[in-house]
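Structural description and commentary
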Amino acid sequence: MRFLVLGSGGREHAIGWKLVQEGHEVVSAPGNPGLAELGEVYEVALNNRMELLELAKRIEPDLVVIGPEDPLIAGLANMFRENGFATFGPGTDAARLEGSKAFSKDMMKRAGVPTAEYQSFSDPIQAKEYVAARFDAGAQVAVKASGAALGKGVVVCSELEEANQAISEMLEVGSFGQAGKTVVIEDRLFGREFSLLTLVSGDSIHSLPVAQDHKRIFDGDEGPNTGGMGTYSPVSAVSKALVQQTEEEVVRPILSSLAEIDIPYQGVLFSGLMMDGDQVKCLEYNVRFGDPEIQTVVRRLGAGFGDALLAVGKGESIPEIPVLDNASLTLVLASGGYPGDYEKGKPIEIGELPDGVEVFHAGTRIVNDQLVTNGGRVLGVSSVGKTLDEARKVAYEAAKVIHWEGMQFRSDIGAN
Ligand code: AMP
Ligand code: GLY
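Quick summary incoming for the structure in this document. (Residues numbered from 1 in each chain as written. Chains lettered and ligands numbered in written order. Predicted model: local features only at pLDDT ≥ 70, side-chain atom pairs only at ≥ 80, totals over all residues. Heavy atoms only, no water.)

Notes on the site of ligand 2
Note the threshold: Proximity is defined per residue: any heavy atom of the residue falling within 4 Å of a molecule or strand makes that residue near it. Polar contacts, as counted here, are pairs of nitrogen or oxygen atoms within 3.5 Å of one another; within protein the pair requires one atom able to donate a hydrogen and one able to accept it, and residues that are adjacent in sequence qualify only if both atoms are side-chain atoms. Reported accessibility uses the Shrake-Rupley method at a 1.4 Å probe radius. Residues are deemed covered only where the shown protein chains occlude them.
Around ligand 2 lies a shell formed by Asp213, Gly227, Phe270, Asn286, Arg288, Gly290, Asp291, Pro292 and Glu293. In this structure, aspartate 213 approaches ligand 2 through a side-chain N or O atom, which is 2.9 Å from a nitrogen atom. One of the backbone nitrogen or oxygen atoms of aspartate 291 is found 2.9 Å away from an oxygen atom of ligand 2. Contact with the protein chains hides 88% of the accessible area of ligand 2, taken as 200 Å² for the molecule alone.

Given below as structure tokens:
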């Protein structure tokens, strides 16, 4: 089958890699140097709808797979479906689960999904009164820009002063632009975080193996949040029973509540979760595959990923995808300075990689035949092993033969 994969990150490279492994044809736009090794790449931006549609008409894919959230929020999946293309990715209404945290929290409440207490504000004075009351009641808070802000619009505050500052930044200074015009303030939760990626095709759902992300930039979970510095799977702390509980309490109810207001869901639902004793609480929903989560997850799937994506795109029941009896780990190699300012254009050297390693391209491009850095998260080194220990060793071995000026990575991925 022929897949048109839209996006240019490590997520899309990993999806494309798996599809090619299964014998499918992968065409991508705007793609990246990694995707270019898998098949034809067309340099069409994801906001250039007319050209994307023309491309799809020309190549006639069996399925269009939309990788990132922004085009989903903007309604790209609607456009392809309206033009008769089987499409993986929810429409603009469902994508508001990620595009508006205020909408998302309201839907969680309506659906009875366990989540932190919250309120939404656009007035800074009222917001500050609310946080003062929460701290008086013994709670701490998370202040969140309601719109999509690349995972950076969330400030978890242990002090009232910090919360007031975050509110001022978002509602008075306007640091997050439109995305920060409304803030959601919720009680801080404590516990272990994990994410669940669930393929959704109407009533049919299929959760992929759980992968654990490390979101902070520095070892020991220190420093600011990033898009994700590394992932591993399996996660022994998350049992099958917990996955089932999450499907029943977090995934199914939100899908039912969307269906009640005539919002269908065709794509992947990413639930960001916090384990609180034997309770599971939902921090957020995303409407696309987690990255780097999917770079790890695809290494643990047997054949049938492409068939499952296609079933979702056609609105059919999702076939089972076998899970391999292995472990996988992805180590993100990032630019010096990320998640703050960083330079691009550093030449990348990749030596001889150990067996079983795949290097997924997240932020690279080719200039004069030389691979150079072109983003904050540059490469995902993805390894497999019989055990997590083995996979971890292999990934860190691989990192030793990759180099560019300023390259940074965490040394403790999968170690806790
Ligand atoms: P979100 O984009 O809403 O998932 O938030 C990004 C990150 O902020 C999460 O992965 C958590 O690490 C943290 N976070 C968000 N909400 C809370 C909360 N209510 N309590 C504690 N940490 C949170
Ligand atoms: N790794 C977290 C995310 O994709 O949002």
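Quick look at the sheet that holds strand S15 (residues 266-276)
The following threshold applies: At least two bridges found by DSSP between two strands are what make those strands a pair. Strands are runs of DSSP state E lasting at least 2 residues, helices are runs of H or I lasting at least 4, and numbering of each runs from the N terminus. To obtain each axis, a line is fitted to C-alpha atoms, and for helices this fit is confined to the stretch in contact; angles are then taken between N-to-C directions over 0 to 180 degrees.
Here we have 4 strands laid out as an open sheet, ordered S10-S9-S15-S16, and antiparallel in their pairing. Each having just a single partner strand, strand S10 (204-207) and strand S16 (279-286) make up the two edges of the open sheet. When strand polarity is set aside, the average angle formed by the axes of neighbouring strands in this sheet is 35 degrees. Relative to S10, strand S9 (residues 192-201) is paired through 4 bridges, and the arrangement is antiparallel. For threonine 198, the partnering residue across the bridge sits in S10 and is serine 207.

Some thoughts on the packing of aromatic side chains
We count it as follows: The rule is short: rings of Phe, Tyr and Trp, with Trp giving its six-membered ring, pair when the centres are within 6.5 Å, and they are stacked under 30 degrees, edge-to-face over 60, tilted in between. Both a distance and an angle decide whether a charge sits over a ring: NZ of Lys or CZ of Arg must be within 6 Å of the ring centre and within 35 degrees of the ring normal.
Tallying each qualifying case throughout the model produces 7 aromatic pairs. Between tyrosine 396 and phenylalanine 409, the aromatic rings sit 6.1 Å apart at their centres with planes inclined by 50 degrees, giving tilted as the arrangement. With tyrosine 396 in helix H13 (residues 388-400) and phenylalanine 409 in the segment after strand S23 (402-403), this pair connects stretches of sequence that are 13 residues apart. An aromatic cluster of at least three residues, connected via ring pairs, comprises Phe88, Phe289 and Phe305. Positioned over the ring face of phenylalanine 103 is arginine 96, at 4.2 Å from the centre of the ring. Residue placement shows arginine 288 over the ring face of phenylalanine 270; its charged tip is 5.5 Å from the ring centre.

Observations concerning the site of ligand 1
Our working rule: Note that Gly is not counted as nonpolar here; it falls among the polar residues with everything else outside the nonpolar set of Ala, Val, Leu, Ile, Met, Phe, Trp, Tyr, Cys and Pro and the charged set of Asp, Glu, Lys and Arg.
Surveying the vicinity of ligand 1 reveals 15 residues, the closest of which are Lys144, Glu186, Leu189, Glu193 and Glu284. In this structure, an oxygen atom belonging to ligand 1 sits 2.8 Å away from a side-chain N or O atom of lysine 144. A distance of 3.0 Å is found between an oxygen atom of ligand 1 and a side-chain nitrogen or oxygen belonging to lysine 215. Protein chains bury 92% of the 470 Å² of accessible surface belonging to ligand 1 in isolation. Residue composition of the shell around ligand 1, grouped by class: 6 nonpolar, 1 polar and 8 charged.

Examining the side chain of lysine 105
Formally: Accessible area is worked out with a 1.4 Å probe on protein chains only. A residue is then buried under 20% of its type maximum, exposed over 50%, and partly exposed in between. By definition in these notes, contact holds between two residues if any of their heavy atoms fall within 4.5 Å.
Structurally, lysine 105 is set in helix H7 (residues 101-111). Overall, lysine 105 belongs to the buried group, its relative accessible area being 3%. The contact partners of lysine 105, leaving out residues within four places of it in the chain, are Thr115, Ala116, Tyr118, Val184 and Glu186.

A look at the packing of H7 against helix H10 (residues 240-260)
Selection rule: Throughout this description, any angle smaller than 35 degrees is read as roughly parallel, any larger than 145 degrees as roughly antiparallel, any in the 65 to 115 degree range as roughly perpendicular, and the remainder as oblique.
As a packed pair, H7 and H10 sit with axes 9 Å apart at the nearest point and diverge in direction by 100 degrees. Regarding the angle of H7 to H10, the classification is roughly perpendicular. Residues Phe103, Met107, Met108, Arg110 and Ala111 of H7 lie in contact with H10, whose contacting residues are Pro253, Ile254, Ser257, Leu258 and Glu260. When the residues that make up the contact of H7 with H10 are grouped by side-chain class, the tally is 7 nonpolar, 1 polar and 2 charged.

Concerning the side chain of threonine 226
Its place among the elements puts threonine 226 in the loop between strand S13 (222-225) and strand S14 (230-233). From its side chain, threonine 226 meets the backbone nitrogen of glycine 228 in a polar contact 2.8 Å long. Not counting the four nearest positions on each side in its chain, threonine 226 is found in contact with Lys215, Arg216, Ile217, Tyr338 and Pro339.

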